[in-house]
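Residue-level structure breakdown
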Amino acid sequence: MSPVLKYFNLWRHGRGFGIHSPFAFRFITEVLRLRTPYYAYRDIPDRGRLRQIFRVVCHFRAQRVAVLSDTSGPIEAAVRRVGRAVQTVKDNPDFVVADMRVATSEAIAAFIAGGASGAYLLNCNRSMLDAVTATMSRGMSFDNCRGTVVIAALPHLPRQDFKVKF
(Lines give C-alpha, C1' and ligand atoms only; values in the text may rest on other atoms or scores of the structure.)
Protein backbone atom coordinates (compact mmCIF):
# COMPACT_ATOMS: atom_id res chain seq x y z
CA MET A 1 0.00 0.00 0.00
CA SER A 2 1.37 3.39 -0.94
CA PRO A 3 2.14 5.87 1.88
CA VAL A 4 -0.49 8.30 0.57
CA LEU A 5 -3.20 5.63 0.59
CA LYS A 6 -2.12 4.45 4.05
CA TYR A 7 -2.34 8.00 5.43
CA PHE A 8 -5.72 8.53 3.77
CA ASN A 9 -7.11 5.34 5.36
CA LEU A 10 -5.76 6.38 8.78
CA TRP A 11 -7.33 9.83 8.40
CA ARG A 12 -10.63 8.39 7.14
CA HIS A 13 -10.97 5.81 9.94
CA GLY A 14 -9.91 8.43 12.48
CA ARG A 15 -13.06 10.36 11.69
CA GLY A 16 -15.27 7.26 11.78
CA PHE A 17 -15.68 6.77 8.03
CA GLY A 18 -15.77 3.10 7.09
CA ILE A 19 -16.13 1.95 10.70
CA HIS A 20 -19.23 -0.25 11.00
CA SER A 21 -19.01 -1.30 14.64
CA PRO A 22 -21.00 1.06 16.91
CA PHE A 23 -18.50 0.52 19.75
CA ALA A 24 -15.50 1.25 17.53
CA PHE A 25 -17.13 4.33 15.98
CA ARG A 26 -17.98 5.83 19.38
CA PHE A 27 -14.59 4.90 20.84
CA ILE A 28 -12.69 6.52 17.98
CA THR A 29 -14.78 9.69 17.73
CA GLU A 30 -15.63 10.22 21.41
CA VAL A 31 -12.50 8.97 23.19
CA LEU A 32 -9.42 8.68 20.98
CA ARG A 33 -9.99 11.82 18.88
CA LEU A 34 -12.08 13.93 21.26
CA ARG A 35 -10.77 17.47 21.55
CA THR A 36 -13.17 18.92 24.13
CA PRO A 37 -11.84 19.00 27.71
CA TYR A 38 -12.63 16.49 30.43
CA TYR A 39 -13.17 17.48 34.06
CA ALA A 40 -9.55 16.89 35.20
CA TYR A 41 -7.66 18.39 32.27
CA ARG A 42 -6.42 21.39 34.27
CA ASP A 43 -4.68 18.94 36.64
CA ILE A 44 -2.97 17.00 33.83
CA PRO A 45 -0.09 19.04 32.43
CA ASP A 46 0.54 17.17 29.19
CA ARG A 47 -1.89 18.05 26.42
CA GLY A 48 -1.29 14.87 24.45
CA ARG A 49 -0.57 11.37 25.61
CA LEU A 50 -1.36 11.72 29.36
CA ARG A 51 -4.75 13.25 28.64
CA GLN A 52 -5.45 10.51 26.12
CA ILE A 53 -4.54 7.84 28.69
CA PHE A 54 -6.86 9.60 31.14
CA ARG A 55 -9.75 9.55 28.62
CA VAL A 56 -9.22 5.87 27.76
CA VAL A 57 -9.08 4.79 31.43
CA CYS A 58 -12.26 6.83 32.07
CA HIS A 59 -13.98 5.16 29.14
CA PHE A 60 -13.15 1.65 30.36
CA ARG A 61 -14.19 2.56 33.94
CA ALA A 62 -11.11 0.78 35.23
CA GLN A 63 -10.73 0.48 38.99
CA ARG A 64 -7.37 -1.34 39.07
CA VAL A 65 -4.75 -0.07 36.62
CA ALA A 66 -1.27 -1.50 36.12
CA VAL A 67 1.32 0.98 34.83
CA LEU A 68 4.40 -0.66 33.31
CA SER A 69 6.73 2.16 32.34
CA ASP A 70 10.06 3.65 33.32
CA THR A 71 8.31 7.04 33.61
CA SER A 72 5.31 5.76 35.54
CA GLY A 73 4.95 8.79 37.87
CA PRO A 74 3.13 11.16 35.48
CA ILE A 75 1.07 8.29 34.04
CA GLU A 76 -0.02 7.12 37.51
CA ALA A 77 -0.91 10.70 38.46
CA ALA A 78 -3.10 11.02 35.34
CA VAL A 79 -4.74 7.65 36.05
CA ARG A 80 -5.49 8.62 39.67
CA ARG A 81 -7.32 11.74 38.40
CA VAL A 82 -10.04 9.45 37.01
CA GLY A 83 -11.54 8.97 40.45
CA ARG A 84 -10.90 8.13 44.08
CA ALA A 85 -11.67 4.46 43.62
CA VAL A 86 -8.96 3.97 40.97
CA GLN A 87 -5.86 2.19 42.25
CA THR A 88 -2.55 1.55 40.56
CA VAL A 89 -1.66 -2.11 41.08
CA LYS A 90 0.95 -4.66 39.98
CA ASP A 91 -1.29 -7.71 39.53
CA ASN A 92 -4.90 -8.51 38.53
CA PRO A 93 -5.56 -5.17 36.80
CA ASP A 94 -8.71 -4.13 34.96
CA PHE A 95 -6.59 -2.08 32.58
CA VAL A 96 -2.89 -1.91 31.64
CA VAL A 97 -0.84 1.09 30.52
CA ALA A 98 2.47 -0.23 29.21
CA ASP A 99 5.59 1.13 27.60
CA MET A 100 6.71 -1.74 25.42
CA ARG A 101 10.37 -0.78 25.94
CA VAL A 102 9.87 -1.95 29.54
CA ALA A 103 7.04 -4.51 29.37
CA THR A 104 6.97 -7.68 27.32
CA SER A 105 4.22 -8.69 24.95
CA GLU A 106 3.88 -11.95 26.96
CA ALA A 107 3.14 -9.98 30.15
CA ILE A 108 0.49 -7.87 28.41
CA ALA A 109 -1.08 -10.98 26.84
CA ALA A 110 -1.15 -12.61 30.29
CA PHE A 111 -2.91 -9.56 31.80
CA ILE A 112 -5.50 -9.62 29.02
CA ALA A 113 -5.99 -13.38 29.36
CA GLY A 114 -6.37 -12.85 33.11
CA GLY A 115 -9.34 -10.54 32.66
CA ALA A 116 -8.00 -7.05 31.96
CA SER A 117 -10.61 -5.17 29.91
CA GLY A 118 -8.07 -3.17 27.95
CA ALA A 119 -4.55 -1.92 27.40
CA TYR A 120 -2.85 1.29 26.25
CA LEU A 121 0.48 0.35 24.69
CA LEU A 122 3.24 2.90 24.09
CA ASN A 123 6.22 2.28 21.78
CA CYS A 124 4.60 -0.85 20.44
CA ASN A 125 5.91 -2.28 17.18
CA ARG A 126 4.16 -4.61 14.76
CA SER A 127 5.68 -7.85 16.11
CA MET A 128 4.72 -6.95 19.70
CA LEU A 129 1.20 -6.05 18.65
CA ASP A 130 0.85 -9.30 16.71
CA ALA A 131 2.09 -11.28 19.73
CA VAL A 132 -0.46 -9.63 22.04
CA THR A 133 -3.44 -9.82 19.67
CA ALA A 134 -2.70 -13.42 18.64
CA THR A 135 -3.86 -14.56 22.07
CA MET A 136 -7.17 -12.67 21.85
CA SER A 137 -10.26 -14.45 20.60
CA ARG A 138 -12.51 -11.42 21.21
CA GLY A 139 -11.90 -7.68 21.30
CA MET A 140 -10.56 -4.86 19.15
CA SER A 141 -7.25 -3.10 18.68
CA PHE A 142 -6.78 0.50 17.58
CA ASP A 143 -3.33 1.20 16.11
CA ASN A 144 -2.16 4.69 15.13
CA CYS A 145 0.82 3.22 13.16
CA ARG A 146 3.18 5.46 15.16
CA GLY A 147 3.78 3.19 18.15
CA THR A 148 0.59 3.70 20.16
CA VAL A 149 -2.05 0.99 20.38
CA VAL A 150 -5.24 0.73 22.42
CA ILE A 151 -6.69 -2.72 22.97
CA ALA A 152 -10.30 -3.22 24.01
CA ALA A 153 -10.34 -6.81 25.24
CA LEU A 154 -14.04 -6.92 25.98
CA PRO A 155 -15.78 -10.30 25.61
CA HIS A 156 -18.84 -8.90 23.80
CA LEU A 157 -16.77 -7.40 20.97
CA PRO A 158 -15.90 -9.28 17.78
CA ARG A 159 -12.23 -9.71 16.95
CA GLN A 160 -11.22 -6.71 14.80
CA ASP A 161 -8.15 -4.53 14.22
CA PHE A 162 -8.32 -0.86 13.20
CA LYS A 163 -5.62 1.46 11.93
CA VAL A 164 -6.67 4.93 13.04
CA LYS A 165 -5.03 8.37 13.15
CA PHE A 166 -5.23 9.54 16.79
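Our subject in this report is the structure included herewith. None of the values given here were measured: they were computed from a predicted structure.

1. Brief notes about the overall build of the protein chain
Secondary structure assignment for the protein chain yields six helices and seven strands. Secondary structure elements in the protein chain, listed N-terminal to C-terminal, are α-α-α-β-α-β-β-α-β-α-β-β-β. Against the 2.2 N^0.38 benchmark of 15 Å for 166 residues, the protein chain shows a C-alpha radius of gyration of 15 Å, consistent with a compact globule. Along the first, second and third principal axes, the C-alpha set of the protein chain runs to 45 × 35 × 30 Å.

2. A look at the pattern of salt bridges
In total, this model carries six salt bridges according to the counting rule given. One salt bridge in this structure joins D43 and R42, with 3.7 Å as the shortest N-O distance. The partner of R101 in a salt bridge is D99, with the nearest N and O atoms 2.9 Å apart. Among the ionic contacts, a cluster of salt bridges with common partners joins R126, D130 and D143.

3. Digging into the sheet that holds strand β5 (residues 140-143)
Taken together, seven strands build an open sheet; the order of strands is β2-β1-β3-β4-β6-β5-β7 and the sheet is mixed. The open sheet terminates on both sides in strands that have one partner only, identified here as β2 (87-88) and β7 (160-163). In terms of strand pairing, strand β3 (residues 95-99) meets strand β4 (residues 118-122) through five bridges, oriented parallel. Bridge assignment links A98 to a residue of β4, and that residue is L121. Docked against the sheet, helix α3 (residues 49-60) engages β1 (64-68), β3, β4 and β6 (149-152), running at close to 170° with respect to β4. Across the sheet, helix α6 (residues 126-133) lies against β5, β6 and β7, angled at about 5° from β6, the strand it touches most.

4. Observations concerning the environment of S105
One can find S105 in helix α5 (residues 105-113). Classification of S105 by relative accessible area gives buried; the value is 11%. Distance in space between the C-alpha atoms of S105 and H59 is 23 Å, their sequence separation being 46 residues. Discounting chain neighbours no more than four positions away, the residues touching S105 are M100, M128, A131 and V132.

5. Quick notes on helix α2 (residues 22-32)
For an α-helix, 3.6 residues make a turn, and residues three or four places apart therefore share a direction. When α2 is considered as a whole, its buried residues turn out to be F23, A24, F27, I28, V31 and L32. On an axial view of α2, the arc spanned by its buried residues comes to 125°, and they lie on one face.

Calculation rules
- Residues numbered from 1 in each chain as written.
- Predicted model: local features only at pLDDT ≥ 70, side-chain atom pairs only at ≥ 80, totals over all residues.
- Heavy atoms only, no water.
- Helix = DSSP H or I, 4+ residues; strand = E, 2+ residues; numbered from the N terminus.
- Rg over C-alpha atoms; globule rule 2.2 N^0.38 Å.
- Salt bridge = Lys/Arg side-chain N within 4 Å of Asp/Glu carboxyl O.
- Pairing = 2+ DSSP bridges.
- Contact = heavy atoms within 4.5 Å.
- Axes fitted to C-alpha atoms, helices over the stretch in contact; angles between N-to-C directions.
- Buried < 20%, exposed > 50% of the residue type's maximum accessible area, 1.4 Å probe, protein only.
- Arc of directions from axis to C-beta.

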